[in-house]
Each structure stands twice: as C-alpha cells, then as structure tokens.
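Structural description and commentary
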Amino acid sequence: MAINKITPAGGINISIQAIASIAGSAAIECYGVVGLSAKNSLTNQVGNLLGKKDFAEGVVCEKDKKGGYIINLYIIVASETKITEVVAEIQKRVSYILEKTFGIAFKKVNVYVQGVLEI
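A brief look at the structure comes next. These numbers were taken from a predicted model, which means no experiment stands behind them.

1. Concerning a nonpolar patch on the surface
A cluster of nonpolar side chains, Ile 83, Val 113 and Val 116, forms an exposed patch at the surface whose accessible area comes to about 190 Å². Considering the arrangement of structural elements, one finds Val 116 in strand β6 (residues 106-117).

This is the structure:
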C-alpha cells in the first residue's frame, strides 16, 4: 500500500517504507524509548529490537474506512519511566513530524508497548 497525494505540481506516491522510516526515527528519539519491536513479538525483548532498516516491522500504516490514515507503533520502553508520558510524547512527536514531512494529517497514532527493558 502506498499513499497517493495530488499536488499542483503533480502526483506523489509515498511508500509505507518511507512512512515507517520517518515515524520510527521520530519515535526512538523520544525520552524513555529503548527501540521499536516487531508487531507480533512478545518474547525476548532485547533480541527483538529493530534496526533502522527494519522499522517497517514495528510501524504499521493503515487506511480507515473514512479515508484517513492511522499509524500503529510497537515500542519497548525503559524501566523507571512513566509509560503514559512516554506514549503521549511519541504520539505528539510522530504526528507532528509526519504531518510536517508529508503534508498529510494522520488521524491517529496508536502506540503499543511490547515490553519494558531495564537499561
């Protein structure tokens, strides 16, 4: 799936890989985030941390029935951090960065905490 955007200069196709890369980079820069995790991994947390090339496994972009876009992020947070604050910061930052970069408003940024890691 790609996001198609029409501008006065022509059409633009934004790949899911590009969205995942930008969203993943924005998320891991937030305080308290150890890294991204694959969507379906709930086992060994350290082994499941994704590198920058694999961000597409930890970031899922969906199109809802009304035509809006939803981002789902799967993260691992550091212990002794307030998870609600970390999640709220990720939602704000990722939404802002994606809208600024691509010029598309994303309806929701859902953050799923896959684990807590002591660092």
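Continuing now.
2. Digging into the side chain of Thr 81
Locating Thr 81 in the fold gives a position in the loop between β5 (69-78) and α3 (83-102). From its side chain, Thr 81 meets the backbone oxygen of Ala 78 in a polar contact 2.6 Å long. Dropping the residues within four chain positions of it, Thr 81 is found in contact with Tyr 31, Gly 32 and Val 86.

3. Comments concerning α3
Between the first and last C-alpha of α3 there are 28 Å, a value that for 20 residues agrees with the 28 Å anticipated at 1.5 Å per step. Looking only at α3, the buried set comprises Val 86, Val 87, Ile 90, Val 94, Leu 98 and Phe 102. Across the axial projection of α3, the buried residues extend over an arc of 90°, all falling on one side. Counted as exposed and oriented over 90 degrees from the buried face of α3: Thr 84, Lys 92, Tyr 96 and Lys 100. Next to the buried residues of α3 lie β1 (2-7), β2 (10-15), α1 (16-28), β3 (33-36), β5 and β6.

4. A look at the pattern of salt bridges
Pairs can form between side chains of opposite charge once their charged atoms are near each other. Scanning all chains against the criterion turns up 2 salt bridges. Between Arg 93 and Glu 29 there is a salt bridge, and its shortest N-O distance comes to 2.3 Å. A residue pair is termed long-range when its members are at least 10 positions apart, and Arg 93 in helix α3 and Glu 29 in the loop between α1 and β3 qualify at 64 residues. The exposure class of Glu 29 is exposed, given its relative accessible area of 54%.

5. Re the packing of aromatic side chains
Enumeration over the complete set of coordinates arrives at 2 aromatic pairs. A ring pair is formed by Tyr 74 and Tyr 112, whose centres lie 5.0 Å apart and whose planes are at 15°; its orientation type is stacked. Within this pair, whereas Tyr 74 is found in strand β5, its partner Tyr 112 is found in strand β6, the two being separated by 38 residues in sequence. Of the residues examined, Tyr 74 reaches a relative accessible area of 9% and is grouped as buried. With relative accessibility at 38%, the residue Tyr 112 sits in the partly exposed group.

Definitions and limits used
- Residues numbered from 1 in each chain as written.
- Predicted model: local features only at pLDDT ≥ 70, side-chain atom pairs only at ≥ 80, totals over all residues.
- Heavy atoms only, no water.
- Patch = residues over 30% accessible without salt bridge, like charges linked within 9 Å, V, L, I, M, F, W, Y side chains within 5 Å.
- Areas by Shrake-Rupley, 256 points an atom, 1.4 Å probe, with all protein chains shown as cover.
- Salt bridge = Lys/Arg side-chain N within 4 Å of Asp/Glu carboxyl O.
- Helix = DSSP H or I, 4+ residues; strand = E, 2+ residues; numbered from the N terminus.
- Polar contact = N/O pair within 3.5 Å; in protein donor to acceptor, adjacent residues only side chain to side chain.
- Contact = heavy atoms within 4.5 Å.
- Expected span 1.5 Å × (residues − 1).
- Buried < 20%, exposed > 50% of the residue type's maximum accessible area, 1.4 Å probe, protein only.
- Arc of directions from axis to C-beta.
- Phe/Tyr/Trp six-rings, centres within 6.5 Å; stacked < 30°, edge-to-face > 60°.

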